[in-house]
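Listed below are the residues making up each chain.
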Amino acid sequence: MKRFTIAKPELWKSFILLTLIVTSIVQTIILWDYHPTYQAVQSETQLTTVDESLQRRANQVIIPTQAVVHDNNAVFASKNTPKQLMRVIRDSFEASEFKPLAVKNVPSFYTDINEGLELILPEAYYADTLSYMLPGTYSLSGKIPQRILIYMDENAFNIRAIMSDQSIWEGKLTKVGNGDVNSLFLKNSSRTMKRVTYTDERVNYIPVIGPEMNELFAYDVSSIQIDTRLDWMRDTFFPGDPNVQEVDPASSIGALTNGVSVGEYDATLNASRYRNLSRNSTERDTALGLDSIVEFVNFHGGWVDEASENQGLSLRFDAITPANKGFETTVFRFHVKGYPVFSQREAFINNDAIDLSTLRVENDGAQVRSITRHHLEIDRLITVGTTQLANANEVLSTLINSGRFENVTEIRIGYEIEYNEDTSRYVTFSPNWFVREAGRWVPYNQADGWTERMMYRGLE
């Protein structure tokens, strides 16, 4: 009897321990392998109160259109920002007789251009980008403009555009309103630009003389405690949801799930991801546009905090990345002092990869499916040195001589961000030339040593 009474508590302890182990395994399976079989979520829950300082309207999100001025046989950077130029165009002109040229009459895009303004548009989200900027009685028939030229011809203003199908359109511009037309052709004489045409017919301009740029240093001052970030994610993505459970698959990772959606936070990288795993059954008349994506970000964490923004940190539209199985990703890229930021990819939750320099929103056309972001906040940018960048010809020679140029679709000047994961949490921004090569952004002179790659979708 004595031995039986001693063994009984040990038996209960073993039973309780076994129960805890099984419960932990079940919760982990729920998080990683859950596939809902019931009705899909019809709409995203939004917070009743949102930090207005972190919100943006769609027209406040900067879309990095490039603007250059043609002056006879030379090309210069414009003195105006693209947003200023678009406002002047809208206030100054109306278009007429704007239509595609017959094939036999198609000139080179730059034929007869002596003085002109050229706008290089990013991977366009809307087919009506041009009609929004330029009022008039014409239809683009769903064509998406890639390059726009406004030029003078015998004292008359004209417009020429090349569309995504490489068709060329021309039209007349009628002066209306009180816009300062002369300001359209103000050039920065100290910044001569070189046109680069890629193998897929994409075009952009790069400075002939590489600039001298500051090397920057800053501390990440955002909260990186798992409990604090999980509370934020619970309020942001699961407000008022009584079914939310916390799952902790690793010491540096926290996660929440309600059985349909999952919110994950990686404290090592200070990055989070929210995934809606529901099977959408809602039919929409129109696909999600940039307005809808911006609104989703507004109500699910917002944009850059005011202190960081005052230091020159911002999130700007970068691209629309097509993905398989009908999913597409809208990418907003960090910029510092107006230059884009690029990063190497790091291992993230469940062995996915995250670009520490972007905010990415994925949708299936009718419903947002995920948002992945880094929570970088800085209170002060410190200049710690300068770097003289290579000239354009040196960059192009490096790419051509190494046989890489045929895979390049864009060249930019920007910053590489290196994120220190120690307690001090500091970041460095190092200037360089970057190329989009085979769908990934890498330094032009470090292709073999860099591991940046396209983001894995992370949705089953």
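Shown above is the structure to which this text applies.
Residues numbered from 1 in each chain as written. Predicted model: local features only at pLDDT ≥ 70, side-chain atom pairs only at ≥ 80, totals over all residues. Heavy atoms only, no water.

Undergrad: How would you sum up the overall build of the protein chain? Please name residues and give values.
TA: When helices and strands are tallied, the protein chain shows 7 helices and 25 strands. When the 460 residues of the protein chain are sorted by exposure, 47% land in the buried category. Summed over all atoms, the accessible surface of the protein chain reaches about 22,800 Å², with 49% contributed by carbon and sulfur. (Helix = DSSP H or I, 4+ residues; strand = E, 2+ residues; numbered from the N terminus. Buried < 20%, exposed > 50% of the residue type's maximum accessible area, 1.4 Å probe, protein only. Areas by Shrake-Rupley, 256 points an atom, 1.4 Å probe, with all protein chains shown as cover.)

Undergrad: I'd like to hear about unusual backbone geometry, residue by residue, with values.
TA: Not every positive phi belongs to a glycine, and Asp 112 is a case in point at roughly 65 degrees. The backbone of Asn 270 shows a phi angle near 55 degrees, a positive value even though the residue is not glycine. Structurally, Asn 270 is set in the loop between β13 (261-266) and β14 (271-276). The buried category is assigned to Asn 270, whose relative accessible area is 0%.

Undergrad: Any chance you could break down the sheet that holds strand β3 (residues 93-100) for me, citing the residues and the numbers?
TA: Here 9 strands make up an open sheet; going across it, the order is β3-β7-β6-β5-β4-β1-β2-β8-β9 and the pairing antiparallel. Of all the strands in the sheet, the pair left with one neighbour each is β3 and β9 (203-207). Pairs of neighbouring strands in the sheet enclose a mean axial angle of 30 degrees, with direction left out of account. In this structure, strand β8 (residues 187-197) lies alongside β9, joined through 5 bridges in antiparallel fashion. Bridge pairing links Lys 194 to Ile 206 in β9. Relative to the sheet, helix α7 (residues 392-401) contacts β8 and β9, its axis offset from that of β8 by approximately 15 degrees. (Pairing = 2+ DSSP bridges. Axes fitted to C-alpha atoms, helices over the stretch in contact; angles between N-to-C directions. Contact = heavy atoms within 4.5 Å.)

Undergrad: Let's hear about the nonpolar core: which residues, and what values?
TA: Counting 62 residues, the largest nonpolar core has Phe 332, Ile 411, Phe 429 and Trp 433 as the members making the most contacts within it. Those residues in contact with Ile 411 that sit more than four places away from it in its chain are Val 196, Tyr 198, Asn 204, Ile 206, Leu 396, Leu 399, Trp 433, Phe 434 and Val 435. If you look at the next biggest cluster of nonpolar residues, it comprises 26 residues, including Phe 98, Ile 148, Phe 157 and Leu 173. (Core = buried A, V, L, I, M, F, W, Y, C linked by side-chain atoms within 4.5 Å.)

Undergrad: Break down the pairing of β14 for me, citing the residues and quoting the values.
TA: Of all 6 residues making up β14, 6 are buried, and the element is well covered by its neighbours. Going residue by residue along β14, you find Ala 271, Arg 273 and Arg 275 tucked away on one face and Ser 272, Tyr 274 and Asn 276 tucked away on the opposite face as well. Bridging between β13 and β14 involves 6 bridges; their strand directions are antiparallel. Its bridge partner being in β14, Asp 266 is matched across the sheet by Ala 271. Counting the residues between successive antiparallel strands, the hairpin from β13 to β14 contains 4 residues, one of them, Asn 270, with a positive phi of roughly 55 degrees. Looking at chain direction, β14 and strand β21 (residues 368-374) are connected through 5 bridges and run antiparallel. The partner of Ser 272 across the bridge, within β21, is Arg 373.

Undergrad: Quick rundown of the packing of aromatic side chains? Include the residues and the values.
TA: Each aromatic ring pair is specified by the distance between its two centres and by the angle formed by the two planes. Tallying each qualifying case throughout the model produces 16 aromatic pairs. Look at Phe 98 and Tyr 138: their rings are 5.2 Å apart centre to centre, the planes differ by 80 degrees, and that puts the pair in the edge-to-face class. Residue Phe 98 is found in strand β3, and its partner Tyr 138 is found in the loop between α3 (129-133) and β5 (145-153); the two are separated by 40 residues along the sequence. Like Phe 98, the residue Tyr 138 is buried in the burial classification. Between Phe 109 and Tyr 110, the aromatic rings sit 5.2 Å apart at their centres with planes inclined by 80 degrees, giving edge-to-face as the arrangement. (Phe/Tyr/Trp six-rings, centres within 6.5 Å; stacked < 30°, edge-to-face > 60°.)

Undergrad: How would you sum up a nonpolar patch on the surface? Please name residues and give values.
TA: A contiguous nonpolar surface patch, about 260 Å² in accessible area, is contributed by Tyr 219, Val 221 and Tyr 426. Here Tyr 219 shows up in strand β10 (residues 212-219). (Patch = residues over 30% accessible without salt bridge, like charges linked within 9 Å, V, L, I, M, F, W, Y side chains within 5 Å. Salt bridge = Lys/Arg side-chain N within 4 Å of Asp/Glu carboxyl O.)

Undergrad: So what's going on with α7? Residues and values would help.
TA: Of all the positions in α7, only Ala 392, Val 395, Leu 396 and Leu 399 are classed as buried. Down the axis, α7 shows its buried residues gathered within 95 degrees of arc, on one side only. Looking at the buried positions of α7, the neighbouring elements they touch are β8, β9, β23 (408-419) and β24 (426-437). Positive phi shows up at Gly 403, right after α7, with a value of about 75 degrees. (Arc of directions from axis to C-beta.)

Undergrad: Give me the lowdown on the environment of Asp 266, citing residues and values where you can.
TA: Its location among the elements puts Asp 266 in strand β13. Its relative accessible area of 6% is what places Asp 266 among the buried residues. Measuring from C-alpha to C-alpha, the distance between Asp 266 and Gly 254 comes to 6.8 Å, with 12 residues separating the pair along the chain.

Undergrad: Lay out the side chain of Glu 410 in plain terms, naming residues and giving numbers.
TA: The topology assignment puts Glu 410 in strand β23. A distance of 3.1 Å separates the side chain of Glu 410 from the side chain of Arg 412, its partner in a polar contact. Residues within four places of Glu 410 in sequence aside, it is in contact with Tyr 198, Asn 204, Phe 434, Val 435, Arg 436 and Trp 441. (Polar contact = N/O pair within 3.5 Å; in protein donor to acceptor, adjacent residues only side chain to side chain.)

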